[in-house]
Amino acid sequence: MDYESFYSEYLSVEKEIKDSTAKILKLQKSIARAMEKGDVKSAKKDMQSFKAAIEKAYSDSLALSFSIDSFDNAEFYSSGEFSSGLLSEFRRLGINAVGEFPVYEIFPCKVRLDADNQDVYLNRKKYPTSRPSYFASLVKGELDKFDSAFNADRFAAELEKGYDTYIALQKNGVEGMSVQLKSIYNTLVPISRLRNSYTEQSFAYDIARLYAVSDSIELKSRKRIEFGTDMDASKGYRILDSNGNEQFIGTVRFF
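What comes next is a walk through the structure. (Residues numbered from 1 in each chain as written. Predicted model: local features only at pLDDT ≥ 70, side-chain atom pairs only at ≥ 80, totals over all residues. Heavy atoms only, no water.)

Describing the overall build of the protein
- The number of helices and strands found in the protein is eight helices and nine strands.
- Radius of gyration (C-alpha) of the protein: 29 Å, far over the 18 Å computed for a compact globule of 255 residues.
- Across the 255 residues of the protein, 36% fall into the buried class.
- When contacts within the protein are restricted to residue pairs at least 6 apart in sequence, long-range pairs at least 24 apart make up 60% of them. (Helix = DSSP H or I, 4+ residues; strand = E, 2+ residues; numbered from the N terminus. Rg over C-alpha atoms; globule rule 2.2 N^0.38 Å. Buried < 20%, exposed > 50% of the residue type's maximum accessible area, 1.4 Å probe, protein only. Contact = heavy atoms within 4.5 Å.)

Printed below as a string of structure tokens:
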């Protein structure tokens, strides 16, 4: 059974126990008011309904427990149903996932499935979930946060400053030369503790978005931006171009 079908069945049972517990609370308040006023007759009458409501709630709790226990989350992971459902949700949300079970890259994020413990990791954060749509929506939210905070012109200007600073610090630095993007990141964020707030992963994502619009960027220096590809993944960042093709961007120059 897929999780959404299971969850739909659970909700119908959960509604019953929600109604039962609401009735118990209502009767408890009614008994309390009657006793405060000394209306023992009404309190005894409500007490009969109260006991019946508790019995109904107990019965509903058994049904709820049976519903939850009927779902084998360990089998759901080990059979591949969770990963299949997760990839389907990613496609539905327009999220590009690259890789194979148990690790998928969703630039600039990384997703890892722990089938033994039925956990999913988004980067380093663990999520104990068996619901693909829930986790996919979390990933979509993270990507949306990246997008909402990005300003291509401002980032291009900051990248140019990092580029100029790096060249100035090099003994044989020449204006217009190609520089490794990883070197510029280290120049922009030289202190390790600052990299927690602006990770290299975030920098790579900004590079990918700038790459997509680099031809339209107008810098105050009047210089142009040119990115260089690098097939060595360890020296560059994997991005997807406007056509959905994979590229490894390793260097940049301003000229």
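Some remarks on the packing of helix 5 (residues 132–148) against helix 8 (residues 200–213)
- Relative orientation of the contacting elements helix 5 and helix 8 amounts to 65 degrees, with a least axis distance of 11 Å. Handedness of the helix 5/helix 8 crossing: right-handed. Counting all contacts with helix 5, which are made through Leu143, Phe146 and Asp147, the residues of helix 8 involved are Ser202, Tyr205 and Arg209. (Axes fitted to C-alpha atoms, helices over the stretch in contact; angles between N-to-C directions. Left-handed = near helix turned anticlockwise from the far one by under 90°.)

Looking at the packing of helix 7 (residues 181–188) against helix 8
- Following both chains from N to C, one finds helix 7 and helix 8 inclined at 120 degrees, their axes separated by 11 Å at the closest point. Taken together, the axes of helix 7 and helix 8 are oblique relative to one another. The handedness of the crossing between helix 7 and helix 8 comes out as right-handed. Judged by residue contacts, Leu181, Lys182, Tyr185 and Leu188 of helix 7 engage Glu200, Phe203 and Ile207 from helix 8.
- Here the residues of the contact of helix 7 with helix 8 are counted per class, giving five nonpolar, no polar and two charged. (Parallel < 35°, antiparallel > 145°, perpendicular 65-115°, else oblique. Nonpolar A, V, L, I, M, F, W, Y, C, P; charged D, E, K, R; others polar.)

A look at the sheet that holds strand 3 (residues 109–114)
- Here we have five strands laid out as an open sheet, ordered 1-2-3-4-5, and antiparallel in their pairing. Of all the strands in the sheet, just strand 1 (98–100) and strand 5 (125–127) have a single pairing partner and so form its edges. Neighbour-to-neighbour, the strand axes of the sheet open up by a mean angle of 15 degrees, direction not taken into account.
- Two elements, strand 4 (residues 119–122) and strand 5, share three bridges in a ladder whose sense is antiparallel. By the bridge assignment, Val120 is partnered in strand 5 with Tyr127.
- Contacting strand 2 (103–106), strand 3 and strand 4, helix 4 (residues 81–92) crosses the sheet at an angle of about 155 degrees to strand 3. (Pairing = 2+ DSSP bridges.)

Some words on the packing of aromatic side chains
- In total, this model carries 17 aromatic pairs according to the counting rule given.
- Consider the rings of Tyr3 and Phe6, whose centres lie 5.4 Å apart with planes at 75 degrees: the pair is edge-to-face. With Tyr3 and Phe6 both in helix 1 (residues 3–37) and three residues apart, the pair spans about one turn of that helix.
- Given the relative accessible area of 18%, Tyr3 is considered buried.
- Judged by centre distance (5.1 Å) and plane angle (55 degrees), the rings of Tyr163 and Phe254 are tilted. Of the two residues, Tyr163 sits in helix 6 (residues 152–169) while Phe254 sits in strand 9 (residues 246–254), which places them 91 residues apart along the sequence. (Phe/Tyr/Trp six-rings, centres within 6.5 Å; stacked < 30°, edge-to-face > 60°.)

Describing the nonpolar core
- Residues Val111, Phe135, Val139, Leu159, Ile225, Phe227 and Val252 are the most contacted members of the largest nonpolar core, which totals 50 residues.
- The element best represented in this core is helix 6, accounting for seven residues.
- In contact with Ile225, other than residues within four places in its own chain, are Ala156, Leu210, Ile217, Leu219, Val252, Arg253 and Phe254.
- By size, the runner-up hydrophobic cluster in this structure holds eight residues, among which are Leu27, Ala34, Ala43 and Phe50. (Core = buried A, V, L, I, M, F, W, Y, C linked by side-chain atoms within 4.5 Å.)

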